[in-house]
Amino acid sequence: MESASVAEATALGRQRWLRLIPIVFVTYSLAYLDRSNFSIATAGGMAEDLHLTSSASGLIAASFFAGYFLLQVPGVLYADRRSVRDLIFWSVLAWGVLATLQGLLSSVTALIVVRFLLGAVEAAVLPALVVLLARWFTKAERGRANAFLILGNPVTVMWLSAVSGYLIEATSWRGMFIIEGLPALVWAFVFRAQVRDRPADARWLAPAERDAVDSAITAEQAELARVVEPGERHPLVDALRSPTVLVLAAQYLLWSIGVYGFVFWLPSIVKAGSSTGIGATGLLSAIPYFFAVIAMLLNSRASDRTNRRRRYAWPWLLAGAITFYGSYLAGHNAFWLSFTLLVLAGIAMYAPYGPFFAMIPELMPRRTAGVAVALVNAAGALGGFLGTYLVGWLRNATGSDAAPS
């Protein structure tokens, strides 16, 4: 009888995956779309139309991360204490409006303000979704669940790079911003209708699976409480006093410098080095993300099978640093070699995301985990600001793509 119950719970385990994962994937995909299409717009005529230097383009793009940094912790505290569902509903609505507005502006100052506000309303989305998945998926599932969430990043940039270039050719960079900002306004209501904060709130979830998930996560938290000293301070204070959180935040800051410098400036580097049109530039820029998706899935699956997170994170990051440096040595005069090394660097930068974000809730008790994710992601926002702005500054200062690479 007991084995039959276990078998039933195992079979019903697909319900959570089929219901939640597509929703969180699309949500993060739309966030990343409205965050990253600025890079295609810059390469597709916005810089010329608005007379933007590389450093000015970098500052506009980087202003997103200033807002993203400031609202990380307040946003996730609201999500953790009140409702992930409500927070993301209003965030998606707001970023849809702001993303669309980018296509109507011509002032550099106005673009900086709108990009800052866009970052602010998107700030808590990733950590809030990590918190949501930690409530719905057990430790043995979390690496894959987080990988499917963060796949929204490379998958979006892959099709964004391929489609947006041709969309600009068909309309303009302004039309691209408007067309790609509108879906978020509809998706906000889909998210609100389909997502619940906890398994206990979901009427569609079978009781056997609900009980199995709640029991497993409660047992994990009890085990974690035995090895991590419980705190009576504010969760933010506990997280800031944790050496683990500080190390992960420093690591993610440095990692994000490379990732966002890569994401925001690859189309411009490819267009300058290959001398192709914006449509072909978009297709070439999509190549690294296609292989990054495969690497993320395989790496997160291996991480869940072995329950070893660190060994599936740092070797990839080391490989990314080496290939970035190799691309710099190849330089502008050997574009295709440099581009190949950038493709390998992109793969290495994306592969560790699933294990990395699965690691944080497994090292911190539930009351602190959400804030810990927010602090780590806030450090990543600083890295994003530096990576986006510094690459633009270096391109402007040196007149070359070699130094940024």
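It should be emphasised that the depicted structure is a prediction, and the values quoted were computed from it without experimental measurement.

Here is what the cut-offs are and how they apply
Throughout this document, residue positions are counted from 1 along each chain, in the order its sequence is written. In keeping with the model being predicted, local features are shown solely for residues with a pLDDT of at least 70 and side-chain atom pairs are shown and tallied solely at 80 or more, while totals for entire chains, interfaces and linings include all residues. Note: side-chain values were computed over all heavy atoms of the structure, leaving out hydrogens and water. Helix numbering and strand numbering both begin at the N terminus, where a helix is a DSSP run of H or I of at least 4 residues and a strand a DSSP run of E of at least 2. Just to be clear, the radius of gyration here is over C-alpha atoms, and the globule rule we use is 2.2 Å times residues to the power 0.38. Relative accessible area decides the class of each residue, using a 1.4 Å probe on protein chains only: under 20% of the type maximum gives buried, over 50% gives exposed, and in between gives partly exposed. Contact criterion: two residues are considered in contact whenever any of their non-hydrogen atoms come within 4.5 Å of each other. The protein chains shown are the only cover counted for residues, whose accessible areas, like all others here, come from Shrake-Rupley with a 1.4 Å probe. Only four residue types enter the charge count: Lys and Arg as positive, Asp and Glu as negative, with His and the chain ends excluded. Lys charges are placed at NZ, Arg charges at CZ, Asp charges at CG and Glu charges at CD. Every residue gets a pLDDT, meaning the predictor's confidence in that residue, from 0 to 100. A side-chain nitrogen of Lys or Arg and a carboxyl oxygen of Asp or Glu constitute a salt bridge if their distance falls within 4 Å. Interaxial angle, 0 to 180 degrees, is taken between N-to-C directions of lines fitted to C-alpha atoms, where a helix line uses only the stretch in contact. Our angle categories are set so that under 35 degrees counts as roughly parallel, over 145 as roughly antiparallel, 65 to 115 as roughly perpendicular, and the remainder as oblique. Gly is placed with the polar residues, together with every amino acid not listed as nonpolar (Ala, Val, Leu, Ile, Met, Phe, Trp, Tyr, Cys and Pro) or charged (Asp, Glu, Lys and Arg). Handedness of a helix crossing follows the sense of rotation of the near helix relative to the far helix, less than a right angle counterclockwise being left-handed and clockwise being right-handed.

### Focus on the overall build of the protein chain
Alright, step 1. On a plain count of helices and strands, the protein chain comes out with 18 helices and 0 strands.
Alright, step 2. A globule of 405 residues ought to have a C-alpha radius of gyration of about 22 Å, and the protein chain, at 21 Å, matches this closely.
Alright, step 3. Counting all 405 residues of the protein chain, 58% fall into the buried class.
Alright, step 4. Sequence-distant contacts, at least 24 apart, represent 83% of the contacts inside the protein chain between residues at least 6 apart.
Alright, step 5. Surface summary for the protein chain: the accessible area is close to 16,300 Å², and the carbon and sulfur share equals 66%.
Alright, step 6. Here the protein chain carries 31 positive and 24 negative side-chain charges, and the mean point of each set is 2 Å from the other.

### Topic: the confidence of the model for the protein chain
Alright, step 1. Taken over all residues, the pLDDT of the protein chain has a mean of 84, while the share at 70 or more is 90%.
Alright, step 2. Low pLDDT, under 50, characterises residues 1–12; the stretch is placed with 6 contacts to residues that sit more than four places away or in other chains.

### Section: the side chain of Thr281
Alright, step 1. Inspection of the secondary structure puts Thr281 in helix H14 (residues 278–306).
Alright, step 2. Judged by its relative accessible area of 1%, Thr281 falls in the buried class.
Alright, step 3. In contact with Thr281, other than residues within four places in its own chain, are Pro267, Val270, Lys271 and Thr276.

### With respect to the pattern of salt bridges
Alright, step 1. Under the counting rule described, the total for this entry stands at 9 salt bridges.
Alright, step 2. Residues Asp86 and Arg192 are paired through a salt bridge, measuring 3.2 Å at the closest nitrogen-oxygen approach. With Asp86 in helix H5 (residues 84–101) and Arg192 in helix H10 (residues 173–194), the pair connects residues that are 106 residues apart, well separated along the chain.
Alright, step 3. For Asp86, a relative accessible area of 22% corresponds to the partly exposed category.
Alright, step 4. Residue class for Arg192 comes out partly exposed when judged on its relative accessible area of 29%.
Alright, step 5. Within the structure, one salt-bridge network assembled from shared partners comprises Arg144, Asp304, Arg309 and Glu362.

### Observations concerning the packing of helix H2 (residues 14–49) against helix H7 (residues 125–136)
Alright, step 1. With their axes 11 Å apart at the nearest point, H2 and H7 run at an angle of 175° to one another. Classed by the angle they form, the pair H2 and H7 counts as roughly antiparallel. Taken together, the residues of H7 that come into contact with H2 (itself represented by Arg16, Leu20, Ile21, Val24, Thr27 and Tyr28) are Leu126, Leu129, Leu132, Leu133 and Trp136.
Alright, step 2. Its residues placed into classes, the contact of H2 with H7 shows 9 nonpolar, 1 polar and 1 charged.

### Some remarks on the packing of helix H8 (residues 139–150) against helix H17 (residues 353–363)
Alright, step 1. Close contact between H8 and H17 brings their axes to 8 Å; oriented N to C, the two are set at 130°. Comparing their axes, H17 and H8 come out oblique. Here H8 runs over H17; the crossing is right-handed. Residues Lys139, Arg142, Gly143, Asn146, Ala147 and Ile150 of H8 form the contact with H17, whose own contacting residues are Tyr353, Gly354, Phe357, Ala358, Pro361 and Glu362.

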